[in-house]
Amino acid sequence: MWAFIKKEFFHIFRDYRSMVILFGMPIVQVLLFGFAITNEINDAQIAILDHSKDVVTRELTQKIVSSNYFLLVENLESNNQIEAEFKKGDIKQVVIFESGFARKLEKEGKASIQLLLDASEPNTANMLNAYTTGIINTYSMQKMINSNAVPLSIQVDSKMLFNPELKSVYMFVPGVITVLLMLVSAMMTSISITREKELGTMEALLVSPLKPIQIIIGKVTPYVLLSFINLVVILLLAKFVFLMPIRGSLVLLLAECLLFIVMALALGILISTISKTQQQAMMMSMFALMLPTILLSGFIFPIENMPLILQYISHLMPPKWFIIIIKNIMLKGVGISYFWKETLIIAFMTVFFIGMSVKKFKIRLE
Amino acid sequence: MNKNDHIIEVRDLVKRFGSFTANDHLNFTVSKGEIFGFLGANGAGKTTAIKILSGLSKPTSGVAIVAGFDVAKYPNKVKKNIGYMSQHFSLYDDMTVKENFRFYGGIFGLSRKSIREKTEYYLEKLKMQNFRNMLLKQIPLGWKQKLAFSVANIHEPAVVFLDEPTGGVDPITRRQFWELIYDSADKGTTVFVTTHYMDEAEYCERVSIMSEGRIEAIGSPGKLKEEFGVNTMDEVFVQIARTPLDPPIGGTDRGNSFKKQVN
Ligand SMILES: Nc1ncnc2c1ncn2[C@@H]1O[C@H](COP(=O)(O)OP(=O)(O)O)[C@@H](O)[C@H]1O
Ligand SMILES: [Mg+2]
């Protein structure tokens, strides 16, 4: 078995095509992410509404302004000014200190700051939020050290305006995950299995004492591994470069992805049982998997806006359900009780595809 | 082992694809240690039969016993005892010679040590020590075929099935290939080989000649030449291949007399 997996890695690493897919992927990721993203933050225009105007708030303001990320354009006097200020469109963030800030901090050990952010550019908003929070946290840490370990906490309460669900950019991440898992799992397995058929090595394997199931497992294991590595890379990119939160359970997320990978592998095996050549397998994966994944899954074009017939077709697309699941986990942070139906649908599809390929496989042996 | 030392025994073997009959009631036996040539033009049904004998596909009806086991019932027992070199090339082009040996040795459950020994043994025998770390795709076809044969033998099977092993190979390399076949037959391996080169038929101890799914003649090359009153296997083959095309002359009983064992 080990010999088998090792051999499969030889194929992968010695084939320019699979290397293109593997190494091209990070590029695709960055391109797709980068689509709607500006990740340079320089002199973002902000306003400050200081209800307290004491030593601490002035110090904090000073820290924020001197960080180079922000350009203070307005000192606001009242809450009424905020909306008008945002509507002008230049201000990306308003920092609000509550009244009696320094006093509260000294007496109660805590005080709060509210951040209002223009989230119509969700990525920028997230980064501003992260930077500001970072500056504030550093400040309170230093203060704690200087004042000898009286516990202090400055609570930061952030509010995304105009686009509270942070649409657009974050919609890409689940889509990218789906496309890439499909690509590696389904397309690469189907190509690699048909390749063995084309070369005649499949027969050599089938006359060996290995059972068909061992052959299949040996062939797909490397792709499960690679898919998983890719998944982790995307998640790391999403989290640390694009500051996308993963609100739900990571374990659940990985488990759902694993289910989807198995589903895609089953599809790949099925494709390989019906196609005779690598070209055919590639074409079939392209047109039967990739295009629907990109076009019909709601990844780029919202399903609600599609003609009714396409909406029905999209129900048959596993990626559609998978995207719902990861959006739920990553963006909403909800648990399995919210998407057990979708999970069940994918599980059912997986069983169906495995059944189909086993049947096809048997027919071929007759 | 079977009585009579028949390592392959085929009785009334039929294989149909839909309404097309690719193997039509085949009957023959192969003795232990024999070099058996399975001849026939393209499309005669050789590959179909060899796939059944090696457990790759199931017969429609009839029985095939290989190395003491019914292939339809115990394909896995049969597989442990046979080597198979498919009509297509069966080594991996993107792996080196050594890696191919290691992989195939591994799936047949050989230990690392014995894989290493076998690899050295065959490389030395083929005088290919310098090719050890070369990718298969950099090696000429004839040499690759010799390697494929060695790999098919790596687990010392009782029978090796070779499906047109010398197709497209130059005459000199073909001779060398046959030396390898003799070598392993000397060691007691039964060799079941298909070919459509008639000069190679002369190298076999016994041959069968197939046409359109039926075995039309079977016996040693010498006996067959005598029977047909000709000097070469080529002429035997031409006569048989032509038979179905001109049925009125000589008619049906001739077909039957071919089927008699002339051994
Ligand atoms: N899987 C199959 N389905 C239908 N027909 C087949 C199949 N395999 C082989 N045949 C047919 O059976 C005949 C014999 O093929 P084959 O055994 O490959 O011949 P040979 O090896 O002697 O050249 C051919 O006419 C071929 O088209
Ligand atoms: Mg053939």
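S.K.: Would you mind going over the overall build of chain A with me for this structure?
M.R.: Each helix and strand in chain A was counted, giving 14 helices and 5 strands. Residue burial in chain A is summarised as follows: out of 366 residues, 50% are buried. Pairs at least 24 residues apart make up 78% of the contacts formed inside chain A by residues separated by at least 6 positions. Element-wise, carbon and sulfur atoms account for 65% of the exposed surface of chain A, whose accessible area totals about 17500 Å².

S.K.: Would you mind going over the overall build of chain B with me for this structure?
M.R.: A count of helices and strands for chain B gives 10 helices and 10 strands. Projecting the C-alpha coordinates of chain B onto the three principal axes gives extents of approximately 60 × 40 × 35 Å. Split into buried and exposed, the 263 residues of chain B put 54% on the buried side. Nonlocal contacts in chain B, meaning residues at least 24 apart in sequence, comprise 68% of its contacts between residues at least 6 apart. Accessible surface, chain B: about 11700 Å² in total, of which carbon and sulfur atoms supply 49%.

S.K.: Could you clarify how one ought to interpret the interface of chain B and chain A in this entry?
M.R.: Interface extent is often summarised as the accessible area lost during association of the parts. Opposite the 27 residues of chain B that make contact, chain A presents 22 residues. With both sides pooled, the region where chain B packs onto chain A buries about 2300 Å², and carbon together with sulfur makes up 62% of that total. In this structure, glutamate 203 of chain A engages lysine 51 of chain B in a salt bridge whose closest nitrogen and oxygen atoms are separated by 3.1 Å. Our enumeration of links across chain B and chain A arrives at 6 residue pairs in polar contact (both at pLDDT 80 or more). Contributing elements (two or more residues each) for the side of chain B that touches chain A: helix 2 (75-80) and helix 3 (97-107) of chain B. Examining the composition of the side of chain B that touches chain A, we find that 6 residues originate from one element, helix 3 of chain B, more than from any other. In terms of residue class, the side of chain B that touches chain A is built from 11 nonpolar, 7 polar and 9 charged.

S.K.: Looking at this structure, how should I read unusual backbone geometry?
M.R.: Apart from glycine, the bulk of residues carry a negative phi angle, and the bulk of peptide bonds sit in the trans form. Residue and element names in this part refer to chain B. Positive phi, close to 55 degrees, is recorded for lysine 127, a residue that is not glycine. Along the chain, lysine 127 falls in the loop between helix 4 (112-125) and helix 5 (141-152). Even without glycine at this site, glutamate 212 takes up a positive phi of about 50 degrees. With respect to the helices and strands, the residue glutamate 212 is situated in the loop between strand 9 (206-211) and strand 10 (214-219).

S.K.: Help me out: how do you make sense of the domain arrangement of chain A in this one?
M.R.: Here chain A is partitioned into domain 1 (44-161) and domain 2 (168-365). Relative placement of domain 1 of chain A and domain 2 of chain A: their C-alpha centres are 44 Å apart.

S.K.: Which parts of the structure should I look at to understand the coordination of the magnesium ion (ligand 2)?
M.R.: Four donors placed tetrahedrally about a metal ideally form angles of 109.5 degrees, and six donors placed octahedrally ideally form angles of 90 or 180 degrees. Taken together, the protein donors to the magnesium ion (ligand 2) comprise Thr47 of chain B (OG1) and Gln87 of chain B (OE1), at separations of 1.9 to 2.6 Å. A residue pair is termed long-range when its members are at least 10 positions apart, and threonine 47 of chain B in helix 1 (residues 46-53) and glutamine 87 of chain B in the loop between strand 6 (82-85) and helix 3 qualify at 40 residues.

S.K.: What's the story with the pairing of strand 3 (residues 35-40) of chain B in this structure? I'm lost.
M.R.: Residues and elements named next belong to chain B. Counting buried residues along strand 3, 6 of its 6 residues qualify, which places the element largely inside the surrounding structure. Going residue by residue along strand 3, you find Ile35, Gly37 and Leu39 tucked away on one face and Phe36, Phe38 and Gly40 tucked away on the opposite face as well. Two elements, strand 3 and strand 8 (residues 190-195), share 5 bridges in a ladder whose sense is parallel. Bridging across to strand 8, phenylalanine 36 finds its partner in phenylalanine 192.

S.K.: What is the right way to read the packing of aromatic side chains from this model?
M.R.: What describes a pair of aromatic rings is the distance from one ring centre to the other and the angle between the planes of the rings. All names here are of chain B. Under the definition given, this model contains 23 aromatic pairs over all chains. Look at tyrosine 121 and tyrosine 122: their rings are 5.0 Å apart centre to centre, the planes differ by 75 degrees, and that puts the pair in the edge-to-face class. For tyrosine 121, a relative accessible area of 36% gives the class partly exposed. Given a relative accessible area of 7%, tyrosine 122 falls into the buried group. Aromatic rings pair up to connect Phe28, Phe36, Phe38, Phe161 and Phe192 into one cluster. Cation over ring: lysine 146 sits above tryptophan 143, and NZ or CZ is 4.5 Å from the ring centre. The residue whose ring lies beneath arginine 174 is tyrosine 197, and the NZ or CZ to ring-centre distance is 3.6 Å.

S.K.: What is the right way to look at the sheet that holds strand 4 (residues 61-66) of chain B in this model?
M.R.: Backbone-to-backbone hydrogen bonds pair the strands of a sheet. The strands run either parallel or antiparallel. All names here are of chain B. Overall, antiparallel pairing links the 4 strands, which are arranged 2-1-4-5 in an open sheet. Pairing within the sheet leaves two strands with one partner each, and these edge strands are strand 2 (20-31) and strand 5 (69-70). Relative to strand 2, strand 1 (residues 6-17) is paired through 8 bridges, and the arrangement is antiparallel. By the bridge assignment for strand 2, phenylalanine 17 is matched with phenylalanine 20.

S.K.: Please clarify how the environment of serine 111 of chain B should be interpreted in this entry.
M.R.: Structurally, the position occupied by serine 111 of chain B is in the loop between helix 3 and helix 4. Among the polar contacts made by the side chain of serine 111 of chain B, one reaches the main-chain amide nitrogen of serine 114 of chain B at a distance of 3.1 Å.

S.K.: Just checking my understanding: could you explain helix 10 (residues 250-274) of chain A for this structure?
M.R.: Residues spaced three or four apart along an α-helix point in a common direction, a consequence of the helix completing one turn every 3.6 residues. Here helix 10 of chain A is 25 residues long and its end C-alpha atoms lie 36 Å apart, about the 36 Å a rise of 1.5 Å per residue gives. Where helix 10 of chain A begins, the side chain of serine 249 of chain A points an oxygen toward the backbone nitrogen of valine 251 of chain A, at a separation of 3.3 Å.

S.K.: Just checking my understanding: could you explain a nonpolar patch on the surface for this structure?
M.R.: All names here are of chain A. Where nonpolar side chains cluster on the molecular surface, the patch consists of Met283, Met286, Phe287, Leu291 and Leu295 and spans about 460 Å² of accessible area. With respect to the element layout, methionine 286 can be found in helix 11 (residues 278-296). On the accessibility criterion, methionine 286 (36% relative accessible area) is partly exposed.

About the thresholds
- Residues numbered from 1 in each chain as written.
- Chains lettered and ligands numbered in written order.
- Predicted model: local features only at pLDDT ≥ 70, side-chain atom pairs only at ≥ 80, totals over all residues.
- Heavy atoms only, no water.
- Helix = DSSP H or I, 4+ residues; strand = E, 2+ residues; numbered from the N terminus.
- Buried < 20%, exposed > 50% of the residue type's maximum accessible area, 1.4 Å probe, protein only.
- Contact = heavy atoms within 4.5 Å.
- Areas by Shrake-Rupley, 256 points an atom, 1.4 Å probe, with all protein chains shown as cover.
- Buried area = accessible area lost by both parts, 1.4 Å probe.
- Salt bridge = Lys/Arg side-chain N within 4 Å of Asp/Glu carboxyl O.
- Polar contact = N/O pair within 3.5 Å; in protein donor to acceptor, adjacent residues only side chain to side chain.
- Nonpolar A, V, L, I, M, F, W, Y, C, P; charged D, E, K, R; others polar.
- Domains from an automatic or database assignment.
- Donors = N, O, S within 2.8 Å, 3.2 Å for Na, K, Ca; no water.
- Pairing = 2+ DSSP bridges.
- Phe/Tyr/Trp six-rings, centres within 6.5 Å; stacked < 30°, edge-to-face > 60°.
- Lys NZ or Arg CZ within 6 Å of the ring centre and 35° of its normal.
- Expected span 1.5 Å × (residues − 1).
- Patch = residues over 30% accessible without salt bridge, like charges linked within 9 Å, V, L, I, M, F, W, Y side chains within 5 Å.

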